[in-house]
Amino acid sequence: MMFARIVGTGSYLPGNPVSNNDLAARGIDTNDEWIVTRTGIRTRHLAEAGVTSSELGLVAAQRALEMAGLQAADIDLIIVATSTPDFIFPSTACLIQGKLGNKGAAAFDVQAVCSGFAYALGIAEKFIRSGSHRRALVIGAEVFSRILDWSDRGTCVLFGDGAGAVVLEASEKPGILATAMHADGSQFGILNVPGQVSGGQVIGDPFLRMDGQAVFKFAVRVLAEIAEEVCSIAGVATSEVDWLIPHQANIRIIEATGKKLAIERERVIVSVDRHGNTSAASVPLALDEAVRDGRIQRGQKVLLEGIGGGFAWGAALLEF
Ligand code: ACO
């Protein structure tokens, strides 16, 4: 049987960490204690003006290729998960392809907000399993700082910028064991950026809006459900999962999900304290960190999951 296997990971965070106190010093009516208690976030990275998702994604992709020992020309599929693309078009995937110097690979973006990486991974896995493609770059890259209303303290303290990437390769050795993706568009109102560009103007509201408590309840329920779903498809008990990498939005959502699944805190990868919520980049950033520091080892079972605006959520269970 042919699997899609991760052969390289990479990530990139722009600039220096920005602390909660730094945000307060910039005039936001907030404090470290409120943010840490409610969210677990201590620092995040914010891209300089003009730095784009494709620039962050490019570095993450180069690092993943380097770990895999591959060249850009070896890749025949590039999928970028982002809600903060450089342009309306072309896709950020095509921009990264051009910067990498790859020619001819299929390249497109996936828009599933914070579940984007889980969606993109599931799509790439299906391309590889079908035999149509052999090596994929799957990238999550975001500059969420651009769509935050910096006068809304209830949302602007929660997010950060960054990118993460993996190289997937067709292999007879086990890799991705199961994936799942779901959405419920009736929940579009609890998290959105309800604006558009039309006739040369921004129409509507170009900033992120969120009903935090509704998001919290929805997220905890479906993150536990989809984790059980991918485990059941693969015939793996949640007790056999070595590492859970949930979307890094909020430590309380992460802890509540782990508790529902009976996965102890020591088996959960957490980076939200240092990255904030980087949307589609959050899971590949946390994955790369845990691979490079030696926590995640070859042969271990890793469960990744994302959730975000739409509402949309996705998961993948893999043998690393
Ligand atoms: N600093 C200080 N005080 C603040 C801040 C802040 N940054 N933000 C809000 N407050 C105040 C509010 O004004 C309010 O004050 P009031 O009682 O005087 O009116 C008080 O804190 C409580 O505000 P709530 O919005 O009710 O705070 P809540 O306890 O719900 O916490 C939070 C907000 C952290 C967003 C919570 O709802 C949550 O964790 N939701 C999950 C949402 C999430 O993680 N979203 C990420 C994106 S979605 C995703 O990725 C899945």
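Use the structure listed above.
Here the residue numbers are simple positions, counted from 1 along each chain's written sequence. Two thresholds apply to this predicted model, a pLDDT of at least 70 for residue-level local features and 80 or more for giving and counting side-chain atom pairs, whereas whole-chain, interface and lining totals are computed over all residues. Think of the side-chain values as coming from all heavy atoms in the structure, minus any hydrogens and water.

Draft legend 1. Up close: the overall build of the chain. In terms of regular secondary structure, the chain is built from 10 helices and 15 strands. Here the globule rule reads 2.2 Å times residues to the power 0.38, and the radius of gyration is calculated from C-alpha atoms. In summary, the chain has a C-alpha radius of gyration of 18 Å against a globular reference of 20 Å for 320 residues, a match within 12%. Along the first, second and third principal axes, the C-alpha atoms of the chain reach 55 × 45 × 40 Å. The cut-offs for exposure are 20% and 50% of the maximum accessible area for each residue type, with area from a 1.4 Å probe on protein chains only; residues under the lower value are buried, those over the upper are exposed, and the others partly exposed. The burial tally for the chain puts 57% of its 320 residues in the buried class. Considering only contacts within the chain whose residues lie at least 6 apart along the sequence, 77% involve residues at least 24 apart. Working definition of accessibility: Shrake-Rupley area with a 1.4 Å probe, residue cover restricted to the visible protein chains. Total accessible area on the chain stands at roughly 12,900 Å², and carbon and sulfur atoms take up 52% of it. For the purpose of counting charges, residues Lys and Arg are taken to be positive, whereas Asp and Glu are taken to be negative. His and the chain ends are not included. A charge is said to be at NZ when it belongs to Lys, at CZ for Arg, at CG for Asp and at CD for Glu. Side chains of the chain carry 28 positive and 35 negative charges; the gap between the two charge centres is 2 Å. Numbered from the N terminus, helices here are DSSP runs of H or I no shorter than four residues, and strands are runs of E no shorter than two. Here, two residues are considered to be in contact whenever any of their heavy atoms come within 4.5 Å of each other.

Draft legend 2. The arrangement of the sheet that holds strand β6 (residues 135-143) in detail. DSSP calls a pair of strands paired once it identifies at least 2 bridges connecting them. With respect to topology, five strands assemble into an open sheet ordered β1-β7-β6-β4-β5, the strand pairing being mixed. Two strands in the sheet have a free side with no partner beyond their single neighbour: β1 (3-12) and β5 (106-110). Strand-to-strand twist across the sheet, computed as the mean angle between neighbouring axes with direction ignored, equals 20°. In this description, a line fitted to the C-alpha atoms serves as the axis of each element, helices being fitted only across the stretch in contact, and the angle between N-to-C directions of two axes falls anywhere from 0 to 180 degrees. Against the sheet, helix α3 (residues 53-68) contacts β1, β6 and β7 (161-171), and its axis sits at roughly 125° relative to β1.

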